[in-house]
Every structure is written in structure tokens, then in C-alpha cells.
Amino acid sequence: AQKITQTQPGMFVQEKEAVTLDCTYDTSDPSYGLFWYKQPSSGEMIFLIYQGSYDQQNATEGRYSLNFQKARKSANLVISASQLGDSAMYFCAMRERESGGGADGLTFGKGTHLIIQP
Amino acid sequence: DTEVTQTPKHLVMGMTNKKSLKCEQHMGHRAMYWYKQKAKKPPELMFVYSYEKLSINESVPSRFSPECPNSSLLNLHLHALQPEDSALYLCASSIQGGSNSPLHFGNGTRLTVT
């Protein structure tokens, strides 16, 4: 079963509109972190925002906010006042509590290709 | 600018060549990662180093050989690759441990195997 599900392969949004990118996750670990990354066509993975499983409030970072609904296992990214430079691939990712005392990596969803139109 | 530096940015190699990808970070992170990303796909974890020791190897073929000479450097040695190994190779680092630490990625190396 997929651990991270992003159901929107692509989205077209008008500039200055708000956009919501969907992400649902699956884990039995009570301690986990949820992350959103932006990947422009140049390839770099840019960390945007983090939400911890025990956080009571939704995370915000500038124009980015995370709509965290723990009971629904949902962690949607909201971008307010979209800009042309927001056009990119967006990945939702999860990191579970490390096992065996070592580090583990991120598990990524398939991504959403967001295109902002003028 | 990213704090994780990867070289080279682009690499073209034949199937009989030996080459190396390099990654460097100076954030004091003790966990380092190699990911492989095919076009229009999410990154896939290849290797994890924790305190300079290999802690995760995701069943990667032996033609990929990682090395962590010290806490700041991570190499990926390539030998006898196949055309299907052409991809973007991303290096990342993080604070050791915990589910609350983001991975910081480099800009990647675009590898083409001919």
C-alpha cells in the first residue's frame, strides 16, 4: 500500500489565486513528520514546510500553510496568492520515527505538477 | 543557494566507464542520503549513511557503490552502468535521527548513460 498519496497529477491555476494540493498518508507509527517539497524544472528539491504528528496547530511559512487533519490522515498544502514562480512539481513526503537507532529517509508521493497561468 | 553541493551537475558516461558523483555539506549533519529520480517520478531512496556508516541499502545493484570518507562528504562510485540508470541523482543530508528533521537536498547530478 502506498504510504503517501497525491491524487492530483497536474493542476492549472490562475495567478494570484489560492491553490490547495492534496496529500493523504498512511502510517501506524504515532510519531511522524510530514513535509512538502517544491521541485522546479531545474531539479533542486526545495523544502517548504513541516508538520509534526503531535503538533496542535497547522504549520505556516510565509505564503505556504499546511492543512493538517490527523483523523483523516490528510496534510494538504495551501499556497496563497499564487505567483508565476510557483510553477513546479510539488511532493508530499513523510518521515517516520527512526528504527534501530539509525537514520531513515523520506517517503515521497508521486507529486503534483502545478502550473500557474498569467 | 543550497547548502548541499553536488558535482558534477551533468555527466555523460559510457557503459564501460567508471565515474564518481560527489556531495558535500557543512551543516554538521550526521545523516547523508543518495536518491535516484527518473523523469516525472518521485525520488527513490538508494542509500543512507548514519555517522559515516552505511545504515540503509535499498537493494541497489552493485554497479552503484557508495562511500562516506568523512561526515561532510558522500560519494557515489559508478561502474558498468546501464542506459536505464540514466536519471537525476540527488544527495541530501539531515540532522541525525527523529521524524521532525527535513532533508536538505543538493541540486542533483543529471546522469546520462550511453
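Residues numbered from 1 in each chain as written. Chains lettered and ligands numbered in written order. Predicted model: local features only at pLDDT ≥ 70, side-chain atom pairs only at ≥ 80, totals over all residues. Heavy atoms only, no water.

Trainee: Help me understand the overall build of chain A, please; the structure alone is not making it clear to me.
Mentor: Scanning chain A for helices and strands turns up zero helices and 12 strands. Computed over the C-alpha atoms, the radius of gyration of chain A is 14 Å, within 12% of the 13 Å expected from 2.2 N^0.38 for a compact globule of 118 residues. For the C-alpha atoms alone, the extent of chain A along its principal axes is close to 50 × 30 × 25 Å. For chain A, buried positions account for 50% of its 118 residues. Looking at chain A alone, contacts between residues at least 24 apart form 55% of all its contacts between residues at least 6 apart. Within the structure as shown, chain A displays about 5600 Å² of accessible surface, and the carbon and sulfur contribution to it stands at 49%. Taking the average place of the 10 positive charges on the side chains of chain A and the average place of its 12 negative ones, the gap between the two points comes to 3 Å. (Helix = DSSP H or I, 4+ residues; strand = E, 2+ residues; numbered from the N terminus. Rg over C-alpha atoms; globule rule 2.2 N^0.38 Å. Buried < 20%, exposed > 50% of the residue type's maximum accessible area, 1.4 Å probe, protein only. Contact = heavy atoms within 4.5 Å. Areas by Shrake-Rupley, 256 points an atom, 1.4 Å probe, with all protein chains shown as cover. Lys, Arg positive; Asp, Glu negative; His and termini not counted. Charge placed at Lys NZ, Arg CZ, Asp CG, Glu CD.)

Trainee: Just checking my understanding: could you explain the packing of aromatic side chains for this structure?
Mentor: A ring pair, where both rings are aromatic, is described by two values, the distance of the centres and the angle of the planes. Counting across every chain of the model gives 11 aromatic pairs over all chains. Taken together, the ring pairs connect Phe35(A), Tyr37(A), Phe47(A), Tyr50(A), Phe91(A), Phe108(A), Tyr35(B) and Phe105(B) into an aromatic cluster. Arg63(A) extends its terminal NZ or CZ atom over the ring of Tyr64(A), reaching a point 5.8 Å from the ring centre. (Phe/Tyr/Trp six-rings, centres within 6.5 Å; stacked < 30°, edge-to-face > 60°. Lys NZ or Arg CZ within 6 Å of the ring centre and 35° of its normal.)

Trainee: In this structure, what is going on with the pairing of strand β8 (residues 73-79) of chain B? I would like to understand it.
Mentor: Successive side chains on a regular strand alternate, one facing one side of the sheet and the next facing the other. All names here are of chain B. Judged from the seven bridges that link them, strand β3 (residues 18-25) and β8 form a sheet pairing that is antiparallel. Within the sheet, the bridge partner assigned to Lys18 lies in β8 and is His79. Direction of pairing for strand β7 (residues 64-70) relative to β8: antiparallel, over a ladder of five bridges. Paired with Glu67 across the bridge in β8 is Asn75. Counting the residues in the hairpin turn of β7 and β8 gives two residues. (Pairing = 2+ DSSP bridges.)

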